[in-house]
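A closer look at the structure
For reference, the chains in residue letters:
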Amino acid sequence: SNIRLITATHENIRKLVAEQRFRNDLWQRICEVEIKLVPLRDRMEEIQALANNFASSMEGGPYELTAPTLSILANYSWKDGNVRELRNCIRSMTEFQIDKKLTPMSIPSRIWKRIEKRSDLLNCGDSDITEDRDSRRVVILFFFNEVLLT
């Protein structure tokens with residue numbers, strides 16, 4: 001039968017082979033075509049387009065990312081997970097959507113925990129973001145149709 005194997009890694013396989021931590025014969029079998037992608041953190045200008053694409057194609061969608069949400073996502077570092085982390089973030093946000101809109105309130109807490117440390121991200125768009133000193137977490141106050149959501 002005809003099988004095509006597609007693999008992905010963030011490791012330097014050539015270096016691992018040289019260090020004898022990856023089998024050279026296996027590397028020679030799977031390395032027909034090598035595609036190197038620049039990490040998302042190094043191509044920040046693509047984040048809004050990718051986020052909008054994910055939001056429009058998610059099951060149950062299309063969803064709309066609000067301007068403050070896009071601003072926050074576009075300025076987040078995405079250093080740990082790259083495009084997969086962005087996609088998973090958008091997927092998680094769909095569980096907390098309001099009328100198919102993805103707001104800063106829907107951004108997962110794992111992302112907010114790292115954003116809290118960057119005050120420049122806490123002053124974007126039409127959202128009012130303040131620190132709740134008792135619980136040491138970010139509380140987002142956002143207005144939709146004269147309804148305050150916290």
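Residues numbered from 1 in each chain as written. Predicted model: local features only at pLDDT ≥ 70, side-chain atom pairs only at ≥ 80, totals over all residues. Heavy atoms only, no water.

Here's the deal with the packing of helix α3 (residues 47–57) against helix α5 (residues 82–93)
To be explicit about the condition: Orientation is described by lines fitted to C-alpha atoms, with helices fitted over the stretch in contact, and by angles between N-to-C directions that extend from 0 to 180 degrees. The secondary structure listing takes helices from DSSP runs of H or I that are at least 4 residues long and strands from runs of E that are at least 2 residues long, numbered from the N terminus. Reported orientations rely on four angle classes, namely roughly parallel under 35 degrees, roughly antiparallel over 145, roughly perpendicular from 65 to 115, and oblique for the rest. By definition, turning the near helix anticlockwise from the far helix through less than a right angle yields a left-handed crossing, and turning it clockwise yields a right-handed one. Whether two residues touch is decided by their heavy atoms; if any such pair falls within 4.5 Å, the residues are in contact. Gly falls in the polar group here, along with every residue not listed as nonpolar (Ala, Val, Leu, Ile, Met, Phe, Trp, Tyr, Cys, Pro) or charged (Asp, Glu, Lys, Arg).
One way to put it is that α3 packs onto α5 with a least axis distance of 9 Å and a crossing angle of 45°. Relative to α5, the element α3 lies oblique. Here the hand of the crossing between α3 and α5 comes out right-handed. Contacts from Ile47, Leu50, Ala51, Phe54 and Ala55 in α3 reach Val83, Leu86, Arg87 and Ile90 in α5. Each residue belonging to the contact of α3 with α5 can be placed in one class, and the counts come to 8 nonpolar, no polar and 1 charged.

Thoughts on the nonpolar core
Our working definition: Buried Ala, Val, Leu, Ile, Met, Phe, Trp, Tyr and Cys residues that are joined via side-chain atoms within 4.5 Å together make up what is termed a nonpolar core. Buried, partly exposed and exposed residues are distinguished by accessible area as a fraction of the type maximum, computed with a 1.4 Å probe on protein chains only: under 20%, between the cut-offs, and over 50%, respectively.
With 23 residues, the main nonpolar core has Leu65, Leu73, Trp78, Leu86, Ile90 and Met93 as its most contacted residues. Residue assignment for this core shows that the elements contributing at least two residues are α3, α4 (67–75), α5 and α6 (109–115). If you tally residues by element for this core, the top one is α3, at 5 residues. Setting aside chain neighbours within four positions, we find Leu86 in contact with Leu40, Ile47, Leu50, Ala51, Phe54 and Trp78.

Structural notes on the packing of α3 against α4
Where α3 meets α4, the axes come as close as 9 Å, and the angle between the chain directions of the two elements is 125°. Relative to α4, α3 is oriented oblique. Here α3 and α4 pass one another in a crossing that is right-handed. Residues Ile47, Gln48, Ala51 and Asn52 of α3 lie in contact with α4, whose contacting residues are Leu70, Leu73 and Ala74. For the contact of α3 with α4, the class distribution of residues is 5 nonpolar, 2 polar and no charged.

Points about α5
Short version of the rule: One less than the residue count of a helix, multiplied by 1.5 Å, gives the span that helix is expected to have. It is the directions from the helix axis to the C-beta atoms whose arc is reported.
Across its 12 residues, α5 extends 17 Å between first and last C-alpha, which sits within 8% of the 16 Å expected from 1.5 Å per residue. Regarding α5, the residues found buried are Glu85, Leu86, Cys89, Ile90 and Met93. Down the axis of α5, the buried set is contained in an arc of 135°. They therefore lie on one face. Looking at the buried side of α5, the elements it contacts are α3, β1 (64–65), α4, β2 (101–102) and α6.

Things to note about the environment of Glu59
Inspection of the secondary structure assignment puts Glu59 in the loop between α3 and β1. Judged by relative accessible area, Glu59 falls into the exposed class, the value being 76%. Glu59 sits 32 residues away from Arg91 along the chain, and the two C-alpha atoms are 8.7 Å apart.

What about a nonpolar patch on the surface?
Applicable threshold: For patch detection, residues must exceed 30% relative accessible area and be free of salt bridges, and they are connected within 9 Å for like charges or within 5 Å for nonpolar side chains (Val, Leu, Ile, Met, Phe, Trp, Tyr). The accessible surface values rely on the Shrake-Rupley method and a 1.4 Å probe; as for residues, cover is taken only from the protein chains in view. We define a salt bridge as a side-chain nitrogen of Lys or Arg found within 4 Å of a carboxyl oxygen belonging to Asp or Glu.
A contiguous nonpolar surface patch, about 390 Å² in accessible area, is contributed by Val33, Ile35 and Leu37. Within the secondary structure, Leu37 is located in the loop between α2 (24–30) and α3. Its relative accessible area of 69% is what places Leu37 among the exposed residues.

Concerning the pattern of salt bridges
As enumerated under the stated definition, the model contains 6 salt bridges in all. The partner of Arg23 in a salt bridge is Asp25, with the nearest N and O atoms 2.7 Å apart. Here Arg23 falls in the exposed class, since its relative accessible area comes to 55%. The partner of Arg91 in a salt bridge is Glu95, with the nearest N and O atoms 2.8 Å apart. Given the relative accessible area of 34%, Arg91 is considered partly exposed. Relative accessible area serves as the criterion here: at 52%, Glu95 is assigned to the exposed category. Residues joined by salt bridges that share partners form a network here, namely Arg23, Asp25 and Arg29.

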